[in-house]
Amino acid sequence: MTDMTVKLNNPAETRVRFCPSPTGTPHVGMVRTALFNWAYARHTGGKLIFRIEDTDAARDSEESFNQVLESLHWLGIEWDEGVGVGGPHAPYRQSERGEIYQDVIKKLVDGGYVYEDFSTPEEVEERRRARGEDPKLGYDNFDRNLTEEQKEQYRAEGRQPVLRLRMPDEDITFNDLVRGEITFKAGTVPDYVVVRANGKPLYTLVNPVDDALMGITHVLRGEDLLSSTPRQIALYRALVQVGVAQFIPEFGHLPYVMGQGNKKLSKRDPESNLFLLRDSGFIKEGLLNYLALLGWSLSHDEDIFTIDQLVEHFDVKDVLANPARFDVKKAESINGTHIRRLGAEDFCQRLVPYLHAGGVLPVETFAELSAEQQNILTEAAPLVQERMQLLGEAPGMLGFLFIADEQVTIAEDARKQLKESAPTVLQAALDVLEPLEDFTAENIQQVLREAIVEGLEIKPRLAFGPLRTAISGARVSPPLFESMVILGKESSLNRLRALHTDLSA
């Protein structure tokens, strides 16, 4: 067989595609595939084509379609041609390309590459049994050599045939960009259905046809689709022969993403849901960094990199074939590193939606923070940026700064860790803070250390626990003295008095 595989004169001729079906919420595996295609297009100077495979009316939804768009825009994965952008191969939704497929089907029929199959499933099973074979082996290529008389007889019975592609009677070998040379032996892949009995084409036909007509040079997709590759190559050969395709693209099958317990990560697993990850506080820089590590790395000892570094160095030939594990803790750690790299103003702006979602800032002020709220956020953000893994931690870390003094509630775990000395500690703090005129973090620390650590002889790591609980209501909080400065002297004293009264009652 003559080699029909694409030959590029220039890497910038690279054309990759991302073509999800709009079924369900965007998940990690889908986004990782989009990311690798996007990174390869940007690395080579080529183009990313984005189309939607929405011919399954029973499962597809407009809501899911919009979620796919939302997820790609949020992550900054933009495309050069396709849905919402346009291009020379429009339309980019399969549901709008029906006439194109019918023209291709006619060419394949006329060329003898597909044939009519009239067999019922029951007949296929019966033939298998008669030959002593497993009846569940599937279609047996029985109809590929029917005579016209036999076909007419079936039609007279009212049977509506499906159309099957005639698989070649030879091994199919291709070079997988990730896995190397792969061979499927002749006869292991039966002729397969490309058109339903009602004349509607199946995904098995329209996906390669769209790739061919759109000039896709590299098909980078999940490992779960590897078994369908010989079918696609056989169809591509036919499409080349009938003038629909110019070449067969190169294939690269990306490794499985594994979840807990060595199982493939399911789109139904919570850690797979892209929007749950976003809602928990992943930022796009951190999430993209981690998703890139699911099969690729900048070097053996570099886990942290920017999107620009990914684009500069990404080559699909460097993708590992072994399954990649989605480790939530590692993902959060990498996300925290990227949070710490954000500029101060950018970090503040990104916290706001999470403070709203957590009820810290009222929804009605979503459009614009008050001057007081903005000042609190600006002063408090640096206190937590170094401690935060996820932006979703913001309400728990900062919420106490935005509420009235009387709204502070003491968390149960914080109350349990208070010692018998807590009222004494609180009173000592009140005694030295009430007359303090210059209410700065440095001065607050000095007088409290003198009064509690030295005066009451309480160890430093235990000395300020009751104060922290009084100020924030929690066992753990941002730096105590700086938090008190943000609250102001009056508010800080009110909270210390409230817990002292509570414990003394």
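Data block above holds the structure.
What comes next concerns the included structure. (Residues numbered from 1 in each chain as written. Predicted model: local features only at pLDDT ≥ 70, side-chain atom pairs only at ≥ 80, totals over all residues. Heavy atoms only, no water.)

**Quick look at the overall build of the protein**
Per the secondary structure count, the protein includes 21 helices and 12 strands. Taking 2.2 N^0.38 as the reference for a compact globule, 505 residues should give roughly 23 Å; the C-alpha atoms of the protein span a radius of gyration of 32 Å, well beyond that estimate. Sorting the 505 residues of the protein into buried and exposed places 50% on the buried side. The long-range share in the protein, meaning contacts at least 24 apart out of those at least 6 apart in sequence, stands at 76%. (Helix = DSSP H or I, 4+ residues; strand = E, 2+ residues; numbered from the N terminus. Rg over C-alpha atoms; globule rule 2.2 N^0.38 Å. Buried < 20%, exposed > 50% of the residue type's maximum accessible area, 1.4 Å probe, protein only. Contact = heavy atoms within 4.5 Å.)

**Considerations on the pattern of salt bridges**
For the structure on display, the rule yields 37 salt bridges. Between Glu70 and Arg278 there is a salt bridge whose closest N-O contact spans 3.0 Å. Linking Glu70 in helix 2 (residues 62-75) with Arg278 in helix 8 (residues 274-280), this pair joins segments that are 208 residues apart in sequence. In this structure, Asp405 and Arg495 form a salt bridge, with 2.9 Å as the shortest nitrogen-oxygen distance. Placement of Asp405 in the loop between helix 14 (394-398) and helix 15 (412-416) and of Arg495 in helix 21 (residues 489-504) is noted, with a sequence separation of 90 residues between them. With a relative accessible area of 19%, Asp405 lands in the buried category. (Salt bridge = Lys/Arg side-chain N within 4 Å of Asp/Glu carboxyl O.)

**Some words on the sheet that holds strand 5 (residues 162-165)**
Strand-to-strand pairing in sheets goes through backbone hydrogen bonds, with the strands running parallel or antiparallel. Spatial strand order, 4-5-8: 3 strands in an open sheet with antiparallel pairing. Edge positions in the open sheet fall to strand 4 (114-117) and strand 8 (192-195), since each of these has one partner strand only. With direction set aside, neighbouring strand axes in the sheet form an average angle of 50°. (Pairing = 2+ DSSP bridges. Axes fitted to C-alpha atoms, helices over the stretch in contact; angles between N-to-C directions.)

**Describing the side chain of Ser71**
Tracing the sequence through the fold places Ser71 in helix 2. When residues no more than four places from it in sequence are discounted, the contact partners of Ser71 are Pro26, Met30, Leu274 and Phe275.

**Brief notes about helix 12 (residues 344-357)**
Here helix 12 is 14 residues long and its end C-alpha atoms lie 21 Å apart, about the 20 Å a rise of 1.5 Å per residue gives. Of all the bends in helix 12, the greatest reaches close to 25° and is centred on Leu351; the proline Pro353 follows between one and four positions later. By the burial criterion, the buried members of helix 12 are Phe347, Cys348, Arg350, Leu351, Val352, Tyr354, Leu355 and His356. In the core, the buried residues of helix 12 are packed alongside helix 8, helix 9 (284-292), helix 11 (328-341), helix 13 (371-385) and helix 14. Following helix 12 by one or two positions, Gly359 has its phi on the positive side, about 80°. (Expected span 1.5 Å × (residues − 1). Bend = angle between axes of the 7 residues up to and from the residue.)

**A look at unusual backbone geometry**
Note that the residue after Ala90, namely Pro91, is joined by a cis bond; omega there is 0°. Of note, Asn141 is a non-glycine position whose phi angle comes to about 65°, a positive value. Among the structural elements, Asn141 can be located in the loop between helix 4 (121-130) and helix 5 (148-156).

**Description of the packing of helix 16 (residues 422-433) against helix 17 (residues 441-454)**
One can describe the packing of helix 16 onto helix 17 by two numbers: an axis separation of 9 Å at closest approach and a directional angle of 135°. Regarding the angle of helix 16 to helix 17, the classification is oblique. In the crossing of helix 16 with helix 17, the sense of the turn from one axis to the other is right-handed. In contact with Val425, Ala428, Ala429, Val432 and Leu433 of helix 16, helix 17 contributes Ile444, Val447, Leu448, Ala451 and Ile452. Across the contact of helix 16 with helix 17, the residue classes tally to 10 nonpolar, no polar and no charged. (Parallel < 35°, antiparallel > 145°, perpendicular 65-115°, else oblique. Left-handed = near helix turned anticlockwise from the far one by under 90°. Nonpolar A, V, L, I, M, F, W, Y, C, P; charged D, E, K, R; others polar.)

**Some words on the environment of Asp176**
Among the structural elements, Asp176 can be located in strand 6 (residues 172-176). Separated by 106 residues in the primary sequence, Asp176 and Phe282 have C-alpha atoms spaced 33 Å apart. If near-sequence neighbours (up to four positions away) are discounted, Asp176 is found in contact with Ile182, Leu226, Phe251, Gly252 and His253. A distance of 2.8 Å separates the side chain of Asp176 from the backbone nitrogen of Val178, its partner in a polar contact. (Polar contact = N/O pair within 3.5 Å; in protein donor to acceptor, adjacent residues only side chain to side chain.)

**Regarding the packing of aromatic side chains**
Taken as a whole and assessed by the stated rule, the structure comprises 10 aromatic pairs. Here the aromatic rings of Phe118 and Tyr154 are separated by 5.2 Å at their centres, their planes lie at 20°, and the arrangement is stacked. Here Tyr154 lies in helix 5 and Phe118 lies in the loop between strand 4 and helix 4, a separation of 36 residues in the sequence. Comparing Phe118 with Tyr154 shows no difference in burial state: the two are buried. A ring pair is formed by Phe464 and Phe481, whose centres lie 5.4 Å apart and whose planes are at 85°; its orientation type is edge-to-face. Placement of Phe464 in the loop between helix 18 (460-463) and helix 19 (465-472) and of Phe481 in helix 20 (residues 480-487) is noted, with a sequence separation of 17 residues between them. Accessibility assignment for this pair places Phe464 and Phe481 in one class, buried. The rings of Phe36, Tyr40, Trp296, Phe305 and Phe314 are connected pair by pair, giving a single aromatic cluster. (Phe/Tyr/Trp six-rings, centres within 6.5 Å; stacked < 30°, edge-to-face > 60°.)

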